Amino acid sequence: MKLALPDIKALKDRIPDNTREVIVTCILSIASALSAVAFLYAIKISFALTYERFAEESPLYFIISSFILITVSSLMVGFLLTVFSPEAAGSGIPQMKAAYWKESGDLKLKPVIVKFFAGIISIGGGNSLGREGPSVYLGSGVASNLDKTIEKGERNRRAASVVGASAGLAAAFNTPLAAIAFIIEEVVGDMNNKYLGRVVISSVIGAFVVYALMGRHPSFSMEMLTDISWTHYAVVPFAAFAASYLGIIFQKDTLKLRRSIKKRKKIKPWIMPLFGGLITWVIGTSLFLFTGKLGVFSLGYNDLSELMTVGFEWKIAGILAIGKLIATISSYGFGGCGGIFAPSLFIGGFSGYFIGSAAALWLPLTHDDIIVIAAVGMSSFLGAVVQAPLTSLLIVFEMTHQFAIVPALMIGIIVSQAMARKAFRLNFYDAILIQDGNELHKIRPPVDLYSWQNLPISAIAHPNPVVLKDLSNASMKEIIENYPYGAFPVTETGELKGILTRDEIKDALKTREKPKVHEAGTCYCDETVKDVGNRFIEYDVHVLVVKNRKTEQISGIVTLRDLIRAQSAMQD
């Protein structure tokens, strides 16, 4: 007698939409959190079995072993990124944001797999990078790809990507509130976003998963603060200023290093991470021999725990902060695979401790006062880099569980945001996207059909199109290497000649033949979506070049995919 198997599809269709949405959210959140926990655990074990073991042996043994390890691991990372997935470099948060806004949350599986292994090798191998950014990318990627097997079509992919990202960050830090704030501030940019309820659920589940598998799991230890005086408030603005200034230096120098590397075409990409690894090794080994501390390597959370409990000599704290800053700029700038959260907390915490301890030579500050000032440095550095004030405050608060530090953190956040926004128009992640030629155009269409049809096409169009001004091999190669777009307007002496696709440029470079330029569809920036909607299908390449009616100059470019994506968002 055969047992009849239940019809899964029919069963799924019987579940009410609201209930199914909650069930899917829970499944995606658990899977994303598990990926983040596996990533976290693998890095922790790797570092414990290598650098912590090396530190127990003789100085010569440490020097030789750490050099071999960071050399081999950096070369392995360079190989994985170059051969399999160059987009898996860095923290992954810029790529996750680009997928959310430009690809409706669709993250490819291969970069996610490469990010997992390359991140473990890079961070566990000693590079001065963090695990939290990759955890966001991994969580988002796992949820996006798992959603493809659960829900057909792309309609819910964007929701899946932010659900996975929040679960991944909550699991990495064990900070559900900060994960929610990060998604709102850094990714969706809207407190009233329709995915907020699912993000809350996923953040809570992410925290539950890491708690169930690894216990309370604080990133660093900190004792309860009871002896806090009012005097420390006189030092807080100065500590926030110093930490924020270091954050500005970090962003400026990292972007400068990446920019200079992009111009050096003769150096093979696979060897670049090795340069960052060797600079980190020189700094980390020197400071280990001088101070006995391993904090420059990898995450640095063990030394941060010691700082926030036992304390350091103030001069050593300052030296470690600068050493970690240079090592992180090198590790990230040369194309390592890892994030910036952990190094930001380390540099900010040690710089704040340095300022607080130095001030204690003249002011009656208690040990707890200095710890509060160190916490201010942590949130200020991170806030200056990511320009997400609520996230920066909540991460430090949730990691310490200390209500007494909140007023000082708020003062520090005000200082850091004032300095960061004056120094840079964009935060670190958006600046990375711009540098990689991937400017985000965030389309937020109106919610009713009449308003949608009468929306100017300029609201959907990309406002800064990359124009190909001649068809020389050098120009086409430069366009392909620096910009990820699928189609480019072609001009001659300022006059629009047509549209050239990315694939055709690649073919032309390969065959050394002149590419075929397609006729360009055009529209004016004040025409409505209703006016130009059918114009896309009249041309071989479904792209319209947007012109200024008065000057006839190109002012934007809009693709059929932009139109469909915006309309889909409105229907959701």
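This is a predicted model, so every value here is computed, not measured. Here the residue numbering is sequential within each chain, running from 1 through the sequence in written order. Totals for whole chains, interfaces and linings use all residues, but because this is a predicted model, local features are given only for residues with pLDDT of at least 70 and pairs of side-chain atoms are given and counted only at 80 or more. Hydrogens are left out, water is left out, and the side-chain values use all remaining heavy atoms of the structure.

A.B. asks: Just checking my understanding: could you explain the overall build of the chain for this structure?
C.D. replies: In terms of helices and strands, the chain carries 24 helices and 5 strands. In terms of overall dimensions, the chain is globule-like: its C-alpha atoms have a radius of gyration of 25 Å, near the 25 Å expected for 572 residues. Taken over the C-alpha atoms alone, the chain extends approximately 75 × 65 × 60 Å along its principal axes. Between buried and exposed lies partly exposed: a residue is buried under 20% and exposed over 50% of the maximum accessible area for its type, with that area taken using a 1.4 Å probe on protein chains only. Expressed as a percentage of the 572 residues in the chain, the buried residues total 57%. Pairs at least 24 residues apart make up 76% of the contacts formed inside the chain by residues separated by at least 6 positions. Each accessible area value is a Shrake-Rupley result obtained with a 1.4 Å probe; residue values ignore everything except the protein chains displayed when judging cover. Put simply, the chain shows about 25,100 Å² of open surface, and 61% of that area lies on carbon and sulfur atoms. In this tally, Lys and Arg are treated as positive and Asp and Glu as negative; His is ignored, and so are the chain termini. A charged residue contributes its charge at one atom only: NZ of Lys, CZ of Arg, CG of Asp or CD of Glu. Each charge class in the chain was averaged separately, 55 positive and 48 negative side chains, and the resulting centres sit 4 Å apart. Helix and strand definitions follow DSSP, with helices as H or I runs of at least four residues and strands as E runs of at least two, each counted in order from the N terminus. C-alpha atoms define the radius of gyration, and 2.2 Å times the number of residues to the power 0.38 defines the globule rule. Every residue pair with non-hydrogen atoms within 4.5 Å of one another is taken to be in contact.

A.B. asks: Even after reading the chapter, I still don't get the nonpolar core, so can you show me in this structure?
C.D. replies: Within soluble globular proteins, side chains that are nonpolar generally end up buried alongside one another. Core analysis: the largest hydrophobic core is formed by 105 residues, its most contacted members being Val162, Phe182, Leu345 and Phe350. Here this core takes 12 residues from helix α16 (residues 367-386), the largest share from any one element. Excluding residues that lie within four positions of it along the chain, Leu345 makes contacts with Phe173, Tyr301, Leu304, Met378, Leu382, Ile395, Val396 and Met399. The next biggest cluster of nonpolar side chains, apart from the first, holds 14 residues, and it includes Phe536, Tyr539, Leu544 and Val558. Side-chain atoms within 4.5 Å are what join buried Ala, Val, Leu, Ile, Met, Phe, Trp, Tyr and Cys residues into a set we call a nonpolar core.

A.B. asks: Can you walk me through helix α19 (residues 428-435) in this structure?
C.D. replies: For the α-helix, the turn length of 3.6 residues means that residues three or four positions removed from each other point alike. Across the 8 residues that make up α19, a large majority, 7, are buried. Along α19, the residues that are buried comprise Phe428, Tyr429, Asp430, Ala431, Ile432, Leu433 and Gln435. Between the side-chain oxygen of the N-cap and the backbone nitrogen of Tyr429 there are 3.2 Å, and the N-cap of α19 in question is Asn427. Of the residues trailing α19, Gly437 is marked for its positive phi of about 70°. Counted as a polar contact is a pair of N or O atoms within 3.5 Å, where, for protein atoms, one must be capable of donating a hydrogen and the other of accepting one, and residues adjacent in sequence contribute only when both atoms are in side chains.

A.B. asks: Before we go on, may I ask you to explain the packing of α16 against helix α17 (residues 389-400) in this structure?
C.D. replies: Between two packed helices, the angle of one axis relative to the other and the distance separating the axes together describe the packing. Working convention: axes come from line fits to C-alpha atoms, limited for helices to the stretch in contact. Angles between N-to-C directions cover 0 to 180 degrees. Packing of α16 against α17 brings their axes to within 8 Å, and their N-to-C directions diverge by 150°. When the interaxial angle is binned, α16 and α17 end up roughly antiparallel. Our pair here, α16 against α17, has a crossing hand that is right-handed. In this structure, α16 uses Ala375, Met378, Ser379, Leu382, Gly383 and Val386 to contact α17, whose residues at the interface are Ser392, Ile395 and Val396. Just so you know the grouping, Ala, Val, Leu, Ile, Met, Phe, Trp, Tyr, Cys and Pro go in nonpolar, Asp, Glu, Lys and Arg go in charged, and all remaining residues, Gly too, go in polar. The class makeup of the residues in the contact of α16 with α17 is 6 nonpolar, 3 polar and no charged. Oblique is the label for any angle not covered by the other classes, which are roughly parallel (under 35 degrees), roughly antiparallel (over 145) and roughly perpendicular (65 to 115). What makes a crossing left-handed is the near helix being turned counterclockwise from the far one by less than a right angle; a clockwise turn instead makes it right-handed.

A.B. asks: How should a nonpolar patch on the surface be read in this particular structure?
C.D. replies: Side chains of Leu60, Ile64, Phe67, Ile68, Val72 and Met76 sit close together on the surface and give an oily, nonpolar patch of about 550 Å² of accessible area. As for its placement among the helices and strands, Met76 is situated in helix α4 (residues 59-83). Judged by its relative accessible area of 40%, Met76 is partly exposed. For patch building, the residue pool is restricted to those with more than 30% relative accessible area and no salt bridge; the joining distance is 9 Å between like charges and 5 Å between nonpolar side chains (Val, Leu, Ile, Met, Phe, Trp, Tyr). For this document, the term salt bridge refers to a Lys or Arg side-chain nitrogen within 4 Å of an Asp or Glu carboxyl oxygen.

A.B. asks: Hey, could you run me through the packing of aromatic side chains in this one?
C.D. replies: Think of a pair of aromatic rings as described by two things: how far the centres are apart, and how the planes are tilted against each other in angle. What counts as a ring pair is set by centres within 6.5 Å for rings of Phe, Tyr and Trp (its six-membered ring), and what kind of pair is set by the plane angle: stacked under 30 degrees, edge-to-face over 60, tilted for all other angles. Following the criterion strictly, the structure yields 26 aromatic pairs and no others. Ring geometry for Phe250 versus Phe381: centroids 6.2 Å apart, planes at 50°, classification tilted. On the criterion of sequence distance, the pair formed by Phe250 in helix α11 (residues 236-263) and Phe381 in helix α16 is long-range, its members being 131 residues apart. Considered together, Phe250 and Phe381 belong to a single accessibility category, that of buried residues. The interplanar angle of 65° and the centroid separation of 5.1 Å between the aromatic rings of Phe397 and Phe403 together place this pair among those described as edge-to-face. A relative accessible area of 67% means that Phe403 is categorised as exposed. Connected via pairs of aromatic rings, a cluster forms that spans Phe47, Tyr51, Phe54, Tyr61, Phe62, Phe288 and Phe297. The lysine or arginine in question, Arg158, covers the ring of Tyr100, its NZ or CZ lying 4.7 Å from the ring centre. Whether a charge sits over a ring depends on NZ of Lys or CZ of Arg being within 6 Å of the ring centre and within 35 degrees of the ring normal. The ring of Phe346 carries the charged tip of Lys324 above its face, separated from the ring centre by 5.2 Å.

A.B. asks: Looking at this structure, how should I read the sheet that holds strand β4 (residues 543-547)?
C.D. replies: Strand pairing in a sheet is mediated by backbone hydrogen bonds. Such pairs are either parallel or antiparallel. We treat two strands as partners when DSSP finds at least two bridges between them. The 3 strands lie next to each other as β3-β4-β5, forming an open sheet whose pairing is mixed. Only two strands of the sheet have a single neighbouring strand rather than two, namely β3 (521-524) and β5 (554-559). Taken pair by pair, the neighbouring strands of this sheet meet at an average axis angle of 30°, ignoring direction. The pairing of β3 with β4 spans 4 bridges and is parallel. Across the sheet, Gly521 pairs through a bridge with Leu544, a residue of β4.

A.B. asks: Looking at this structure, I do not really get unusual backbone geometry. What am I missing?
C.D. replies: Where the residue is not glycine, phi is negative for most of them; where a peptide bond is considered, it is trans in most cases. Despite not being glycine, Gln387 shows a phi value in the positive range, around 50°. Its relative accessible area of 12% is what places Gln387 among the buried residues.

A.B. asks: I keep staring at the pairing of β4 and nothing clicks. Help me out?
C.D. replies: One face of the sheet, then the other: side chains in a regular strand alternate in exactly this way. β4 sits mainly inside the fold: 5 of its 5 residues count as buried. Judged by which residues are buried, β4 turns out to be covered on both faces: Val543, Val545 and Lys547 on one side and Leu544 and Val546 on the other are all buried. Here β4 runs beside β5; their pairing, made up of 5 bridges, is antiparallel. What sits directly across from Lys547, in β5, is Ile554.

A.B. asks: Sorry if this is basic, but what is going on with the pattern of salt bridges here?
C.D. replies: Should their charged atoms come close, side chains of opposite charge can pair. Overall, the coordinates contain 12 salt bridges when judged by the stated rule. Between Glu132 and Arg131 there is a salt bridge whose closest N-O contact spans 3.6 Å. For the pair formed by Glu132 and Arg131, the shared burial category is buried. As a salt-bridge pair, Glu552 and Lys547 come within 3.9 Å of each other at their nearest N and O atoms. Here Glu552 falls in the partly exposed class, since its relative accessible area comes to 37%.

A.B. asks: What is the right way to read the pairing of strand β1 (residues 487-492) from this model?
C.D. replies: Within β1, 5 of the 6 residues are buried, which leaves it mostly tucked inside the rest of the structure. Relative to strand β2 (residues 495-501), β1 runs antiparallel, the two sharing 6 bridges. Across the sheet, the residue bridging to Thr491 is Leu496, located in β2. Between β1 and β2, which pair antiparallel one after the other, the connecting turn spans 2 residues, and Thr493 there sits at a positive phi close to 50°.

A.B. asks: Can you help me understand the environment of Phe84 in this one?
C.D. replies: With respect to the helices and strands, the residue Phe84 is situated in the loop between α4 and α5 (93-102). In the structure, Phe84 is positioned 27 residues away from Pro111 in sequence and 7.8 Å away in space, judged by C-alpha atoms. Here Phe84 is in contact with Phe79, Lys110 and Val114, once residues within four sequence places are set aside.

A.B. asks: In this structure, what is going on with the packing of α11 against α19? I would like to understand it.
C.D. replies: Following both chains from N to C, one finds α11 and α19 inclined at 15°, their axes separated by 11 Å at the closest point. In this view, α11 runs roughly parallel relative to α19, as classed from their interaxial angle. The hand of the α11/α19 crossing is right-handed. Within the contact between the two elements, α11 uses Phe250, Gln251, Thr254, Leu255, Arg258, Arg259 and Lys262 and α19 uses Phe428, Ala431, Ile432 and Gln435. Its residues assigned to classes, the contact of α11 with α19 comprises 5 nonpolar, 3 polar and 3 charged.

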